[in-house]
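Residue-level listing of the chains:
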Amino acid sequence: RVINGTDPSIIPRSVELDLVELGAGMNIVKTTTTDSAGRFCLEGLPESGRLMIRAIYKDVNYHSQFSMDASGRAAVEIEVFEPTTSLEGIKVESAGIAFQIVGDQLHSLETITLKNTTQPPRTLMHPEGNYRFSKPAGILEVPKIRFTAPGSRMPVIQAALESADGRSYYSQYPLKPGETTFEVQRILPYAERKYVYTGTIDHDIASMDIGLSPADLTLTGTGLSKVSTDAQ
């Protein structure tokens, strides 16, 4: 069955469901929809391999992996949430950025973990992006994003979307309750062996760790303090 984690009184009726066979790809084996009670039943499933039910609720994918017992049965429960456009309850757990010289380029990797603590729990779905980040001067190509969803160990890669004013990028990946980690890779010009990096973060942060490679790369800026040097 599919249950509503925001308001249990809301029955997820007619929700589209995909049965996905995991392994060498994400093969959809069967599809169905929930009934008036939010329940579903699928028969004739593969007897071996890893299986997952994916529910599409208000344009957001939710899923639950399962395996069948000795009798060839399984009871699966999928929790879905109502959407919100408010950033209230979205907090930064950690933030960091690393810079590395690669030939005549400067590569940066920004990592930020956002925790959705909304009460009651909701999924952030903002029309202007659920995670927005700056477009540094002279950036050489569209940034790549990797994100890891709550409860998952497998990051997903996507291209960033550019804002209408051309000043920033964003990801439309929904922020479900729990922790979501974003990694943004940018490629910047460094032919003159100098770069001025400016950017903004839409959330309050206590601090940001900055890493440099090689170790003799010099960093200057307001409010920075050196923590350590790794000789290797």
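Before reading on, note that the structure itself is shown above.
Residues numbered from 1 in each chain as written. Predicted model: local features only at pLDDT ≥ 70, side-chain atom pairs only at ≥ 80, totals over all residues. Heavy atoms only, no water.

J.: Describe the overall build of the chain, listing the residues and the values that go with them.
T.: Along the backbone of the chain there are zero helices and 17 strands. Viewed in the frame of its principal axes, the chain has a C-alpha envelope of about 65 × 35 × 35 Å. Residues counted as buried form 36% of the 232 residues belonging to the chain. Of all intrachain contacts in the chain linking residues separated by at least 6 positions in sequence, the fraction that spans at least 24 positions is 63%. For the chain, the accessible surface area stands at approximately 14100 Å², while carbon and sulfur atoms represent 47% of it. Within the chain, the 28 negative side-chain charges are centred at a point lying 1 Å from the centre of the 22 positive side-chain charges. (Helix = DSSP H or I, 4+ residues; strand = E, 2+ residues; numbered from the N terminus. Buried < 20%, exposed > 50% of the residue type's maximum accessible area, 1.4 Å probe, protein only. Contact = heavy atoms within 4.5 Å. Areas by Shrake-Rupley, 256 points an atom, 1.4 Å probe, with all protein chains shown as cover. Lys, Arg positive; Asp, Glu negative; His and termini not counted. Charge placed at Lys NZ, Arg CZ, Asp CG, Glu CD.)

J.: Please set out the environment of Tyr 190 residue by residue, giving values where relevant.
T.: In this fold, Tyr 190 is placed in the loop between β16 (178-189) and β17 (209-213). Not counting residues up to four positions away in its chain, the partners in contact with Tyr 190 are Ile 101, Asp 104, Gln 105, Leu 106, Tyr 195 and Leu 217.

J.: Would you mind going over unusual backbone geometry in detail, with residue names and values included?
T.: A cis amide bond links Gln 119 with the next residue in sequence, Pro 120, at an omega value of -5°. Within the secondary structure layout, Pro 120 lies in the loop between β9 (105-116) and β10 (123-124). For the bond from Ser 213 to Pro 214, the omega torsion is 5°, close enough to zero to count as cis. With respect to the helices and strands, Pro 214 occurs in the segment after β17. A positive phi is found at Asp 59, a non-glycine position, where the angle reads about 70°. The residue Asp 59 is located in the loop between β4 (51-57) and β5 (60-66) in this model. For Asp 59, a relative accessible area of 72% corresponds to the exposed category. Unlike most non-glycine residues, Arg 193 shows phi in positive territory, near 60°. Assignment of secondary structure puts Arg 193 in the loop between β16 and β17.

J.: Talk me through the sheet that holds strand β14 (residues 161-162); I want residue IDs and the actual numbers.
T.: Spatially, β11-β15-β14 is the arrangement adopted by the three strands of the open sheet, whose pairing is antiparallel. Each end of this open sheet is capped by a strand with a single partner; those strands are β11 (131-134) and β14. One ladder, built from four bridges, connects β11 with strand β15 (residues 168-171); its direction is antiparallel. In the sheet register, Arg 132 faces β15, and the bridge partner there is Tyr 170. (Pairing = 2+ DSSP bridges.)

J.: Account for the nonpolar core, naming residues and giving values.
T.: Of all hydrophobic cores here, the largest spans 25 residues; its most connected members are Leu 106, Ile 112, Leu 114, Tyr 131, Phe 133, Leu 175 and Phe 182. Where this core is concerned, the elements lending two or more residues are β8 (90-102), β9, β11, β12 (144-148) and β16. Ranked by the residues each element gives to this core, the list is headed by β8, at five residues. Apart from residues lying up to four places away in sequence, Leu 106 is in contact with Phe 99, Gln 100, Ile 101, Arg 186, Ile 187, Leu 188, Tyr 190 and Tyr 195. (Core = buried A, V, L, I, M, F, W, Y, C linked by side-chain atoms within 4.5 Å.)

J.: Describe in detail the sheet that holds β17, supporting the description with residues and values.
T.: The strand order β13-β12-β16-β9-β8-β17 describes an open sheet built from six strands, whose pairing is mixed. Among the strands making up the open sheet, the edge pair consists of β13 (156-159) and β17. Put simply, the sheet's adjacent strands are angled 20° from each other on average, direction ignored. With four bridges connecting them, β12 and β13 associate as antiparallel partners. Counted as the bridge partner of Lys 144 is Ala 159 from β13. (Axes fitted to C-alpha atoms, helices over the stretch in contact; angles between N-to-C directions.)

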